[in-house]
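These are the residues of each chain, in order.
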Amino acid sequence: MAPIPGSGLAKGLAVTLRTMTKKSVTAQYPDAQPDLPPRTRGVIGLFEENCTVCMLCARECPDWCIYIDSHKETVPPAAPGGRERSRNVLDRFAIDFSLCMYCGICIEVCPFDALFWSPEFEYAETDIRDLTHERDKLREWMWTVPAPPALDPGAEEPKELAAARKAADKLAAQQAPPAAEPHADEQARAAEQPTRPQGDSKQQTDQPKPNHPEPNHPKPGQEGAE
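Residues numbered from 1 in each chain as written. Predicted model: local features only at pLDDT ≥ 70, side-chain atom pairs only at ≥ 80, totals over all residues. Heavy atoms only, no water.

K.L.:
I keep staring at the sheet that holds strand β5 (residues 132-133) and nothing clicks. Help me out?
P.N.:
Where strands meet in a sheet, backbone hydrogen bonds hold them as pairs that are either parallel or antiparallel. Judged by pairing direction, the sheet is antiparallel, and its 3 strands sit side by side in the order β2-β3-β5 without closing on themselves. The open sheet terminates on both sides in strands that have one partner only, identified here as β2 (66-75) and β5. Helix α4 (residues 135-142) contacts β3 (85-96) and β5 of the sheet and is inclined by roughly 80° relative to β3. (Pairing = 2+ DSSP bridges. Helix = DSSP H or I, 4+ residues; strand = E, 2+ residues; numbered from the N terminus. Contact = heavy atoms within 4.5 Å. Axes fitted to C-alpha atoms, helices over the stretch in contact; angles between N-to-C directions.)

K.L.:
Just to check I follow, could you spell out the environment of Pro148 for this structure?
P.N.:
Tracing the backbone shows Pro148 in the loop between α4 and α5 (159-175). A C-alpha to C-alpha distance of 9.4 Å links Pro148 and Arg39, two positions 109 residues apart in sequence.

K.L.:
How should I be thinking about the state of the cysteines in this particular structure?
P.N.:
When the sulfur atoms of two cysteines share a covalent bond, that bond is a disulfide. Applying the stated criterion to the full structure yields 0 disulfides. Left without a disulfide partner, Cys65 is nearest to the cysteine sulfur of Cys61, which lies 3.6 Å away. Distance from the sulfur of Cys100, which forms no disulfide, to the nearest cysteine sulfur (Cys65) is 4.6 Å. (Disulfide = S-S within 2.5 Å.)

K.L.:
How do you make sense of the pairing of β3 when you look at a structure like this?
P.N.:
The pairing of β2 with β3 spans 10 bridges and is antiparallel. Looking at β3, one finds that His71 is bridged to Val89.

K.L.:
Teacher, can you tell me more about the nonpolar core here?
P.N.:
Across soluble globular proteins, you tend to see nonpolar side chains buried next to one another. In terms of nonpolar packing, the biggest core is built from 26 residues, with Ile44, Ile66, Ile68, Phe93, Ile95, Phe97 and Leu115 touching the most fellow members. Listing elements by their share of this core, those giving two or more residues are β1 (43-46), α2 (56-60), β2, β3, α3 (105-109), β4 (115-118) and α4. With residues near it in sequence (within four places) discarded, Leu115 still touches Ile44, Gly45, Leu46, Cys57, Phe93, Cys106, Ile107 and Cys110. (Core = buried A, V, L, I, M, F, W, Y, C linked by side-chain atoms within 4.5 Å. Buried < 20%, exposed > 50% of the residue type's maximum accessible area, 1.4 Å probe, protein only.)

K.L.:
Looking at this structure, I do not really get the packing of aromatic side chains. What am I missing?
P.N.:
For any pair of aromatic rings, geometry is given as the distance between the ring centres together with the angle between the planes. Scanning all chains against the criterion turns up 5 aromatic pairs. Connected via pairs of aromatic rings, a cluster forms that spans Phe97, Tyr102, Trp117, Tyr123 and Trp141. (Phe/Tyr/Trp six-rings, centres within 6.5 Å; stacked < 30°, edge-to-face > 60°.)

K.L.:
Please explain the pattern of salt bridges as it appears in this structure.
P.N.:
Pairing of side chains with opposite charge becomes possible as their charged atoms draw close. For the coordinates displayed, the defined rule picks out 6 salt bridges. When the shortest N-O distance is used, the salt bridge between Asp127 and Arg129 registers 2.9 Å. Overall, Asp127 belongs to the partly exposed group, its relative accessible area being 25%. Here Arg129 falls in the exposed class, since its relative accessible area comes to 65%. (Salt bridge = Lys/Arg side-chain N within 4 Å of Asp/Glu carboxyl O.)

K.L.:
Teacher, can you tell me more about the environment of Met142 here?
P.N.:
Mapping Met142 onto the fold places it in helix α4. A residue is classified by how much of its surface remains accessible, and Met142, at 13% relative accessible area, is buried. A C-alpha to C-alpha distance of 5.8 Å links Met142 and Leu46, two positions 96 residues apart in sequence. Those residues within four positions of Met142 in sequence are excluded, and the remaining contacts are Gly45, Leu46, Phe47 and Phe116.

Pasting the structure below:
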């Protein structure tokens, strides 16, 4: 069936009329803060303890707005006779938010959970150069990152928590005092009790009981008759 000419225009005018009759509400920002979702893409926080300077976030960034500098240090062997190892030490981690398009690729590709979204969005500057946040500033944003949502009741426990709990239980078992030993008198009393062979008990149960004659006790009233 062909649409009625002018039906689309009538629908549009109906929406306009409904909107015109409603009262407009204006949020008085900044006096009234907006109610944002907890996972709002506001600014990126850095948890530098987890950063291994793998450079994956900087390589995957489509705007090339992440700057990372590092150097190598030699780590002594953990055990005597072991071999020394080298590791990367983070010197600089900066994000230029004047270039960032908030795509979240750097957060998604980070294999060690060092970057997180923060819902904070009030970081406007009068100088564009101040929009380049160094790692100290990115660390401050980290404290505004909301906690992750709770797992489903039937979900499997994360491997990190399971490993930490297993290590804590093992340490508690090692530090627990040993079980109290039996008292010395109880040990001596148990040693004095004779042990009966298994064969003797069976033989005694198989032997018939001896028939002993019952004593002839006088009945009541017969003592005087005698």
